[in-house]
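The lines below spell out each chain.
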Amino acid sequence: MSLTDCLELNKTALFEKIRSGLPVVQKTQNLLDCKDDLLFAWDSKDSCLLVRNWRAPLTDSSTDAKRAGVQFQTLIPSSTVNLNVDRVLVSNEASLVALSSPHGVCILELPRRWGADGYYKDGKERITCRSFGLDTQLFQNNPHLEVRQMRWHPHSVSDSTLLVLLNNNTIRVYNHSKLRYVWQVGPSVVRNGGNNSLLDFGEVAVDFDIAPAGKGKGPEPGEDTNSNLNQSNKTLMTAKAAGKQKIEWPVIVLRENGNIYILMTRLDSAQTRLQGPITITPQAHNNYGLESCSLMVIPSLPPTVVVAESNGKLHHALLMEAETAEHSFNEVDDLVLIEPAEFVIHVLETVELELGLASTSESGCPIHLKRDLINELRYFAYHNAGLHVVTVSFISELQRYLDSEAEEDRLELAASSRAEYILCTKFDSSERVNAVFGISLLQMPAKVVLLLGSGQVISLKLVIDAQLLVTPNENKQGGAEVELQEGGPSFVETIKALLKRSVNQPILANKLASASAHESYELLNQAIEVLREQYLKRHELVRAAFARHINQIQLKKEQQLQEIQDLEHERELISERAHKLAERFEEISYNQELLVRKCHGLMQRANAALPNSVVAEREIAQEVARLNNTTQSMATALDNAKKSLNKQRYHIAKSQDDLKRNAYELPEKQHRTITEILTQLTGEIDRQITDVKRINKIVGV
């Protein structure tokens, strides 16, 4: 077992397949995610989602069993995914998977799980899953729109509420494929081809996270100008308004210049309350982040807010309620309705990360944050230079102070947080980058899995302190069914978008005779660079898109053929079962008829034996009994007559046989003599008759 790959994932067929189709651009992204015992990985080459039960090989130590089991499953989207997916996010209850790219979001519906190892559809190798795009027409008509962040709402009853942050300072709330709300978190960003002042001053939201819920601000009853409204009606309206108070979820929004805003939201209402910029204490000249890139909320008490800068600084702060509401002081937000801020952020410490072994003060890269669901004191920071594990020490001290019942107990936040450089992928000062392409946290046992841009997979064990374990928040399961709408840009439109150039290389006239050799060389380099970036590179992207589309079509074809074979087999099984059921039905019907007849006989006997029968029924029963007796007596007499007739016939036949047997018989010689005499007499008589006739004829008589 390798020390850097304790799960031996580099040898698995899943990562061998992914390794052949990794993105070309080396930038930090997350193509991995894990939920329970299933590890999800996006295959950019075939545009499909691969799933593997990482816990199954650990439960069976035999090598043959590992090889014979299911290697991985392929979840094929029903609609073509024409996105360069850079983020995979599984929902809280593992019913949906969100696939995000800079220019679009796609949702994949996961099938049901059953079987020995808990795979989808009993370990079927390839499964076609329903997929649908979110606002594909919006992204197609607005090429400048980019997805900055997306998160599943933790309080979604149907496990299908997705929040997507765009670079136009809006958060779009979706329920399955339906757009529910559009929340404005800042001034609108309008791009007309030139530089935008909001972009220059960093007033564009770059990240957000959802803080623990709190009691919402109840609607105040409106003032009625009608003088006839009595005091009782006013009291009733006040009580009704107090009963309408609902739970609000604070959405903490981070802008690039370090300003933090809080959007008070409810899932059942489109109305929101924007507050900010939130006061950050203690004050600093750089406002704790002029190059802010990421934000994360740890659900402690009070909530812990982590703000990351691209230069490697991490700010740990507490989100607390303000003593008095403060109004906004940012002139950029004059066009946005902002309420007085009810919160304040207190920064406790700043942690600096080492971005590579040969990093300089000028180098920097976007830092992405990921919570540890097992240990709330720990989180992960991954970037182009590797992975850091950061432990926040003051959270345990806060928890101890809140659980303490001693009045003299004091809160001391002396221990500082520590950051451990777990994985380094940048060793020199060159521009070569081996970025993190995916990170996933495994539970029970606790491990972390990383996919690097080079294709290498790192799986490390995590040290867990039993005292630091926390119980994750339970998410409510929902059974609401929402109609899914499949959609997405066509393949032709995708190719057109890839071939669309922002810069064209003009035709050069022969007017450079006076130009120096250096200027000509620079012009040639510029033309070659434009040719490479705007022509050759785009054709390579188109070729990759064609290959991906062809692989996806072939994959779907093979899947459909396999489905047809399975259906044919199922039809044969159903036909055999139908024949067996028909035979069984006939047998049951015959037995049922017998039982019905017996039941009728029993009912008749029971009705006849009832003591409370009416007179007519009793008379009919007596008559039927009398007729039955008469019939039986007649049948008996008929049988006796038949017996007598047979006896008489027997005696007659016997008498005739006796008569035949007692008759006199002549001897054979006498019988022959008498026969000859009779024959002669007969001949003599015949001659005499002939003579008489002749004489009569002569005489004329």
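The structure we're discussing is the one just above.
Here is a short report on the structure shown in this document. Every value quoted in this text rests on a predicted model; they were computed, and no experiment measured them.

1. Re the overall build of the chain
Point 1. Secondary structure assignment for the chain yields eleven helices and 31 strands.
Point 2. The burial tally for the chain puts 38% of its 701 residues in the buried class.
Point 3. Contacts in the chain between residues at least 24 apart in sequence constitute 63% of all its contacts with a sequence separation of at least 6.
Point 4. Roughly 43,000 Å² of accessible area belongs to the chain as shown, and the carbon and sulfur atoms make up 53% of that amount.

2. Considering the environment of Ala94
Point 1. When you line up the elements, Ala94 lands in the loop between strand E5 (87–90) and strand E6 (96–101).
Point 2. Counting along the chain gives 60 residues from Ala94 to Cys34, while the straight-line C-alpha distance between them is 9.3 Å.
Point 3. Each residue touching Ala94, except ones within four places of it in the same chain, is listed here: Lys35, Leu110, Tyr120 and Asp159.

3. A word on unusual backbone geometry
Point 1. Of note, the bond from Leu301 into Pro302 is cis; its omega dihedral lies within 30 degrees of zero at -5 degrees.
Point 2. Within the fold, Pro302 resides in the loop between strand E20 (292–298) and strand E21 (304–309).
Point 3. Geometrically, the link from Met444 to Pro445 is a cis peptide bond, its omega value of 0 degrees lying close to zero.
Point 4. Note on placement: Pro445 falls in the loop between strand E29 (436–442) and strand E30 (447–452).
Point 5. Backbone geometry places Asn169, a non-glycine residue, at a positive phi of 65 degrees.
Point 6. Secondary-structure assignment places Asn169 in the loop between strand E11 (161–166) and strand E12 (170–175).
Point 7. The phi dihedral of Met444 is positive, around 55 degrees, even though this residue is not glycine.
Point 8. Structurally, Met444 is set in the loop between E29 and E30.

4. Considerations on the packing of aromatic side chains
Point 1. Throughout the structure, instances matching the rule amount to two aromatic pairs.
Point 2. Pairing Tyr181 with Trp183 gives two aromatic rings, centres 6.2 Å apart and planes at 10 degrees, and the pair type is stacked.
Point 3. Of the residues examined, Tyr181 reaches a relative accessible area of 11% and is grouped as buried.
Point 4. With relative accessibility at 1%, the residue Trp183 sits in the buried group.
Point 5. Its guanidinium or amino end placed over the ring of Phe208, Arg151 lies 5.9 Å from that ring's centre, counting from NZ or CZ.
Point 6. Positioned over the ring face of Tyr261 is Arg255, at 3.8 Å from the centre of the ring.

5. Remarks on the side chain of Asn384
Point 1. Tracing the backbone shows Asn384 in the loop between strand E26 (378–383) and strand E27 (386–391).
Point 2. The buried category is assigned to Asn384, whose relative accessible area is 18%.
Point 3. In this structure the side chain of Asn384 is engaged in a polar contact, spanning 2.4 Å, whose partner is the side chain of Thr28.
Point 4. In this structure, Asn384 is in contact with Lys27, Thr28, Cys365, Thr425, Val433, Asn434 and Ala435, ignoring residues within four places of it in sequence.

6. Some thoughts on the sheet that holds E27
Point 1. Strand order in the open sheet made by the four strands is E25-E26-E27-E28, with antiparallel pairing throughout. Edge positions in the open sheet fall to strand E25 (368–371) and strand E28 (418–424), since each of these has one partner strand only. Adjacent strand axes in the sheet meet at a mean angle of 25 degrees, parallel and antiparallel pairs treated alike.
Point 2. Direction of pairing for E25 relative to E26: antiparallel, over a ladder of four bridges. In the sheet register, His368 faces E26, and the bridge partner there is Tyr382.

7. Topic: the pattern of salt bridges
Point 1. With the rule as written, the count across this model stands at 21 salt bridges.
Point 2. In this structure, the salt-bridge partner of Glu558 is Arg126, at a minimum N-O distance of 2.4 Å. Of the two residues, Glu558 sits in helix H9 (residues 517–608) while Arg126 sits in strand E8 (residues 126–129), which places them 432 residues apart along the sequence.
Point 3. On the accessibility criterion, Glu558 (41% relative accessible area) is partly exposed.
Point 4. Overall, the relative accessible area of 23% leaves Arg126 in the partly exposed class.
Point 5. A salt bridge links Arg418 to Glu420, with the shortest nitrogen-to-oxygen separation between them at 3.8 Å.

8. What to know about the side chain of Arg273
Point 1. Its place among the elements puts Arg273 in strand E18 (residues 269–275).
Point 2. The exposure class of Arg273 is buried, given its relative accessible area of 12%.
Point 3. Of note is the side chain of Arg273, whose polar atom sits 3.0 Å from the side chain of Glu339.

9. A word on helix H11 (residues 668–699)
Point 1. For H11, with 32 residues, the first-to-last C-alpha span of 46 Å sits near the 46 Å given by 1.5 Å per residue.
Point 2. After H11 finishes, the residue Gly700 shows a positive phi value of roughly 95 degrees.

10. Here we look at the pairing of strand E7 (residues 104–109)
Point 1. Among the six residues in E7, five count as buried, and that is most of the element.
Point 2. The pairing of E6 with E7 spans six bridges and is classified as antiparallel. Across the sheet, Ala98 pairs through a bridge with Ile107, a residue of E7.
Point 3. Connecting E6 to the next strand, E7, in antiparallel fashion are two residues.
Point 4. In this structure, E7 lies alongside strand E9 (residues 131–134), joined through four bridges in antiparallel fashion. Residue pairing for E9: Leu108 is matched across the bridge by Ser131.

11. Considerations on helix H8 (residues 491–499)
An α-helical turn contains 3.6 residues, so any two residues separated by three or four positions project in the same direction.
Point 1. Every buried residue of H8 is listed here: Phe491, Thr494, Ile495 and Leu498. Buried residues of H8, viewed axially, fall in a sector of 100 degrees; they line one side. Among the exposed residues of H8, those pointing more than 90 degrees away from its buried face are Val492 and Lys496.

12. Some remarks on the pairing of strand E3 (residues 48–53)
Point 1. Burial analysis of E3 places six of its six residues in the buried class, which makes it a mostly covered element.
Point 2. Taken together, the three bridges between E3 and strand E4 (residues 73–77) define a ladder with antiparallel strand orientation. Residue pairing in the sheet places Val51 in a bridge with Gln73 of E4.

13. Some thoughts on a nonpolar patch on the surface
Point 1. A contiguous nonpolar patch, built from Leu666, Ile674, Ile677, Leu678, Leu681, Ile685 and Ile689 and spanning about 600 Å² of accessible area, is present on the exposed surface.
Point 2. Residue placement: Ile677 occurs in helix H11.

14. Things to note about the sheet that holds E11
Point 1. In space, the four strands of this open sheet follow the order E10-E11-E12-E13, with antiparallel pairing throughout. With one partner strand each, in any of the chains shown, strand E10 (147–152) and strand E13 (178–184) form the two edges of the open sheet. Ignoring which end each strand starts from, the neighbouring axes of this sheet average 20 degrees apart.
Point 2. Across six bridges, the pairing between E12 and E13 is antiparallel. Paired with Thr170 across the two strands is Gln184, which belongs to E13.

Conventions and cut-offs
Sequence order sets the numbering: in each chain, residues are counted from 1 along the sequence as written. Totals for whole chains, interfaces and linings use all residues, but because this is a predicted model, local features are given only for residues with pLDDT of at least 70 and pairs of side-chain atoms are given and counted only at 80 or more. Water and hydrogen atoms play no part in the side-chain values, which are based on all heavy atoms of the structure. For helices the rule is a DSSP run of H or I covering at least 4 residues; for strands it is a run of E covering at least 2, with both sets numbered from the N terminus onward. Exposure categories follow from relative accessible area, calculated using a 1.4 Å probe and restricted to protein chains: below 20% of the type maximum is buried, above 50% is exposed, and the middle band is partly exposed. The contact criterion used is simple: two residues touch if any of their non-hydrogen atoms lie within 4.5 Å. Accessible surface area values rest on a Shrake-Rupley calculation with a 1.4 Å probe, where residue burial reflects the displayed protein chains alone. When two rings of Phe, Tyr or Trp (its six-membered ring) have centres within 6.5 Å they constitute a pair, described as stacked for plane angles under 30 degrees, edge-to-face for angles over 60, and tilted for the intermediate range. Each ring is checked for a lysine NZ or an arginine CZ that lies within 6 Å of its centre and within 35 degrees of its normal; such an atom marks a charge sitting over the ring. As used in this structure description, the phrase polar contact means that two N or O atoms lie within 3.5 Å; if the pair is within protein, one of them must be able to donate a hydrogen and the other to accept it, and residues adjacent in sequence are counted only when both atoms belong to side chains. What makes two strands pair is DSSP finding at least two bridges between them. Lines are fitted to the C-alpha atoms to define the axes, a helix being fitted only along its stretch in contact, and any angle between axes, read from their N-to-C directions, falls within 0 to 180 degrees. Whenever a carboxyl oxygen of Asp or Glu lies within 4 Å of a side-chain nitrogen of Lys or Arg, that contact is scored as a salt bridge. Multiplying 1.5 Å by the helix residue count minus one yields the expected span of that helix. The arc in question is traced by the directions running from the helix axis to the C-beta atoms. Surface patches are defined over residues having more than 30% relative accessible area and no salt bridge, joining like charges when they lie within 9 Å and nonpolar side chains (Val, Leu, Ile, Met, Phe, Trp, Tyr) when within 5 Å.

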